[in-house]
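Single-letter residue listing:
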Amino acid sequence: MIHLTIDGEAVSVPEGTTILEAAKHLNVHIPTLCHHEDQAVKAVCRICVVEVEGQKLLPAACSTPVTEGMDVKTASPKVIKARKNIMELILARHPQDCLVCSKNGSCELQKVAKDLNMNKPNRYEMQVRDSRFDDSSPSIVRDMSKCILCNRCVEVCSEKQGVMVMAKENRGFDTVIVPPYGKLLVDTSCVNCGQCVQVCPVGALSVHDDTEKIYDEINMGKYMTVQIAPSVRITLAESLGYKPGTVTTGKIVHALRKIGFHKVFDSDFSADLTIMEEGTEFLKRMESGENLPLITSCCPAWVKYCETYGYEQLNHLSTAKSPQQMFGAVIKTFFAEKEKIDPADICSVSVMPCTAKKFECKRKEFHDSGFQDVDISITVEELARMIRTAGIHFDDLEDQEFDAPFGLGSGAGQIFGSTGGVMEAALRTVYEILTGKTLEKLEFTQVRGLEGIREAALEINGKEIRVAIVHGLKNVEGILEQIKAGRSPYHFIEVMACEGGCIGGGGNTPKTMAKVRKRQRAIYEEDRKLPIRKSHENIYVKKLYEEYLGEPLGEKSHHLLHTTYHSRRDLLR
C-alpha cells in the first residue's frame, strides 16, 4: 500500500492508484472534463491539476500515480488560479449559447465552470475552433463549434464499437474531430448507436430531437399511439433525477396520456411476438442445418454494422423484424382494422433507449402496412424533456395500466432490455417447444453477465445447442471472421451494439458501467415479478395469431413481421 496525504488527510491506496482515484477515497472532488471512468486516461483537458509538494509544475490528477509520502493539495490558491485560467482558455473557444444548447443543465463544462465560480468576463479573445454543423443523420447531430477535444467520442467509436467514424484531424489550434474526408455523418459507416453522444461532456454531439414532430401530429388531430421499450421503465426515472434502477412503469403510462397519446402500449408484447417468430425461425434452421448460426436482428445499430462490415454474412441474420417494427406493422394493420381507424390517420410513436431506432423506422423496408410502420421514434431523454415541458409532476402521478390488447408482456419480453435477454427469452420458448416439457427453472444464468463475449452450451432434448452473447460492436469482429471462415462453433448468437444492451443505449441518460449494473439488476427483478414469464404463454400474442396472423412464419406473419437486408459496403469507400 502507498501512504500519502491529500488536503491534510492521510490515506492508503494500492500501488498504481492515481491521485484522482486516491482523492475519491476521501470524498475529495477533483473536477475533470476529458476523464471518464469507463475509458482510458487521456490527460488532455488539464482541469484536474493539483499541487504536489516538491514539484514545481502542477500535475494532472487523472494520470499521475501516487508515491509514498506524497503531499497533495487539490484546492490551494495556486491550483484554483490555474484551473480558472485553463477554463478561460476553453471557454474562449466555446460558444456561449448555453440557454439553447441540448446539454443545458447536464453539460459537464457548464458544471465545472459553475463549481469554479467563473463569474468574470473572459480575458481571452473569443475564437471558435470549428463552426461545422451536421444534422444529416436521423440519429445524431454534430456541432463542432462546441467540441473541447476531450477524445471521448474517438475512443468509444474506435475502441468500443470498432466503427472508427470519428478521428482527429490537423494539429494545434486547428485540431478538429471529424468523420473521414469531411463527409457528412449520414454518408459514413456510422451505425447510429449514439455511444459518442453518451460520452460527450458538452453539446458537440447530441441526439436528433423529434419531439416537435409529435406536437405537430397531435395538433393535426392524428390518432396517437405509443409503444415503450422494455428498458424504458428502468431508465426513464433516472433521466428525471431518480436513482439508477428505479422502475416507474405506471407513471410513464400516465405521463404519456397526459402528453396527448390515445393509446399507450407495451413493447414487451412485441418482444414476445419477436420470440415467436425468431424462435420458430431458429428451430427451422436447426432442422435444416442451413444458414447457421442464426444471429439476432433486434438491434438496428448491429444490423447496419453487419450490412456494412459483415455484408457477406447477411444470410445469417434473422429475418425477424425488431420489436419496434413488428409493433408498427401490427398497429397499422390489425389494430387499425379492429378499431375501424384509417391507418393514414394513425401516428405510431415509439419511446426507445436507442438512437439507432430513429434510423430504423425510416428504412425503406419498413412499409409493409402500406405506410411507414413507425412514424416517429424518440429516446428516453426526449420523453423526459417532454414530461418537463408539459409541467407534469412525475412524483405525484398515479400508476396507470397499459391499454389492451397490447398491454400485456411477459418476463421474457422484459429482459430484452439487457444483454443476453433476447437469448434467454428465446431459450425459454425453444426449450419447451423442443421438449414438450415445462421448464422447472426459467433463469438461464449462463447467458447473463456483462462480459463482452459470453458462451454457453445447453443440452435440450438430447441436442447440444451452443450459443454466444456479444455486446459492444468491437467484440463481434472475431465472431464474423469465424462465420466467414466456416468454423463458427455456435448455433445461435445474440448481438447488441451498446455495452449492457438496451439499458446502455445511446438514448438513455449518460451511463457508466456501474449504473448499467444497477439497471440490469432491476430488469431481472421485474422479470421475476411478472405472472407470465415465457413469450409463448402471452395470451394476447396467442390471440393475435388466432385472429389475424395465422402461425409463426406463416404467409401473413412473414409479410408483416419479417424483412430483408442489403449490403452497405459502399459506405466504406
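Right above here is the structure, for reference.
Residues numbered from 1 in each chain as written. Predicted model: local features only at pLDDT ≥ 70, side-chain atom pairs only at ≥ 80, totals over all residues. Heavy atoms only, no water.

Asks: How would you explain the packing of aromatic side chains if you had to name every residue and give the values?
Replies: The final tally for this structure, using the stated rule, is 14 aromatic pairs. Taking the centre distance of 5.1 Å and the plane angle of 80° together, the rings of Phe265 and Phe406 count as edge-to-face. Of the two residues, Phe265 sits in strand β11 (residues 263-266) while Phe406 sits in the loop between α13 (380-389) and α14 (411-414), which places them 141 residues apart along the sequence. For the pair Phe265 and Phe406, a shared accessibility class is recorded, and that class is buried. Measuring from centroid to centroid gives 4.6 Å for Phe282 and Phe492, while their planes differ by 20°, and the two rings are stacked. Taken as a pair, Phe282 in helix α9 (residues 267-288) and Phe492 in strand β17 (residues 492-496) lie far apart in primary sequence, 210 residues in all. (Phe/Tyr/Trp six-rings, centres within 6.5 Å; stacked < 30°, edge-to-face > 60°. Helix = DSSP H or I, 4+ residues; strand = E, 2+ residues; numbered from the N terminus. Buried < 20%, exposed > 50% of the residue type's maximum accessible area, 1.4 Å probe, protein only.)

Asks: How would you sum up the sheet that holds strand β3 (residues 51-52)? Please name residues and give values.
Replies: In a beta sheet, neighbouring strands pair by backbone hydrogen bonds and run either parallel or antiparallel. One open sheet holds the 4 strands; their spatial order is β2-β1-β4-β3, and the pairing between them is mixed. Since the sheet does not close on itself, it has two edges, and those belong to β2 (9-13) and β3, each with one partner. By the bridge criterion, 2 bridges tie β3 to strand β4 (residues 71-73) in an arrangement that is antiparallel. Pairing of Val52 across the sheet is with Val72, part of β4. (Pairing = 2+ DSSP bridges.)

Asks: Would you mind going over helix α11 (residues 323-339) in detail, with residue names and values included?
Replies: An α-helical turn contains 3.6 residues, so any two residues separated by three or four positions project in the same direction. In the structure, α11 departs most strongly from a straight axis at Ile331, where the bend amounts to approximately 40°. With respect to burial, α11 is a largely interior element, 14 of its 17 residues being buried. Of the residues one or two after α11, Lys340 is the one with positive phi, at around 55°. (Bend = angle between axes of the 7 residues up to and from the residue.)

Asks: Describe the packing of α9 against α11, listing the residues and the values that go with them.
Replies: At their nearest, the axes of α9 and α11 sit 8 Å apart, and the two run at 100° to each other. Overall, the two elements α9 and α11 adopt an arrangement that is roughly perpendicular. Contacts from Ser267, Phe269, Ser270, Ala271, Leu273, Thr274 and Glu277 of α9 reach α11 at Pro323, Met326, Phe327 and Val330. Residues that form the contact of α9 with α11 fall into these classes: 7 nonpolar, 3 polar and 1 charged. (Axes fitted to C-alpha atoms, helices over the stretch in contact; angles between N-to-C directions. Parallel < 35°, antiparallel > 145°, perpendicular 65-115°, else oblique. Contact = heavy atoms within 4.5 Å. Nonpolar A, V, L, I, M, F, W, Y, C, P; charged D, E, K, R; others polar.)

Asks: Give me the lowdown on helix α6 (residues 211-219), citing residues and values where you can.
Replies: The set of residues buried in α6 consists of Thr211, Ile214 and Glu217. Looking down the long axis of α6, one finds its buried residues gathered within 115° of arc, a one-sided arrangement. Turned more than 90 degrees away from the buried face of α6, the exposed residues are Glu212 and Asn219. Of the surrounding secondary structure, the elements contacted by the buried residues of α6 are β10 (223-228), β13 (346-352), β14 (376-379) and α13. Positive backbone phi, approximately 85°, marks Gly221, located one or two places after α6. (Arc of directions from axis to C-beta.)

Asks: Give me the lowdown on the sheet that holds strand β15 (residues 453-460), citing residues and values where you can.
Replies: The mixed open sheet is built from 4 strands, whose spatial order is β12-β17-β16-β15. Looking at the sheet topology across the chains shown, the edges are occupied by β12 (294-295) and β15. Where β15 lies against strand β16 (residues 463-471), 8 bridges are found, and the strand directions are antiparallel. From the neighbouring strand, Glu455 faces β16, where its bridge partner is Ala468.

Asks: Summarise the pairing of β17; cite the residues concerned and give the values.
Replies: Among the 5 residues in β17, 5 count as buried, and that is most of the element. Alternating positions in β17 separate into two faces, Phe492, Glu494 and Met496 on one and Ile493 and Val495 on the other, with burial throughout. Bridging between β12 and β17 involves 2 bridges; their strand directions are parallel. Directly across from Ile295, in β17, lies its bridge partner Ile493. Note that β16 and β17 share 5 bridges and pair parallel. Bridge pairing in β17 places Ala468 opposite Ile493. Once you follow β16 into helix α16 (residues 477-485) and on to β17, the crossover reads as right-handed. (Right-handed = clockwise from strand over helix to strand, strands pointing away.)

Asks: Could you give an account of the pattern of salt bridges, with specific residues and numbers?
Replies: Enumeration according to the criterion identifies 41 salt bridges in this entry. The partner of Glu108 in a salt bridge is Arg152, with the nearest N and O atoms 2.9 Å apart. Taken as a pair, Glu108 in helix α3 (residues 108-115) and Arg152 in helix α4 (residues 152-160) lie far apart in primary sequence, 44 residues in all. Notably, a salt bridge pairs Arg428 with Glu424, separated by 3.0 Å at the nearest N-O pair. Of this pair, Arg428 and Glu424 are both found in helix α15 (residues 421-435), 4 residues apart, which corresponds to roughly one turn of the helix. Side by side, Arg428 and Glu424 carry an identical accessibility label, which is buried. A network of salt bridges, in which partner residues are shared, links Glu424, Arg428, Glu443, Arg448, Asp527 and Arg533. (Salt bridge = Lys/Arg side-chain N within 4 Å of Asp/Glu carboxyl O.)

Asks: Account for the environment of Arg517, naming residues and giving values.
Replies: By the secondary structure assignment, Arg517 is in helix α17 (residues 513-529). Its relative accessible area of 42% is what places Arg517 among the partly exposed residues. Residues Arg517 and Pro244, spaced 273 residues apart in sequence, show a C-alpha to C-alpha distance of 9.1 Å.

Everything listed here is a matter of coordinates, which is why it stays silent on function.
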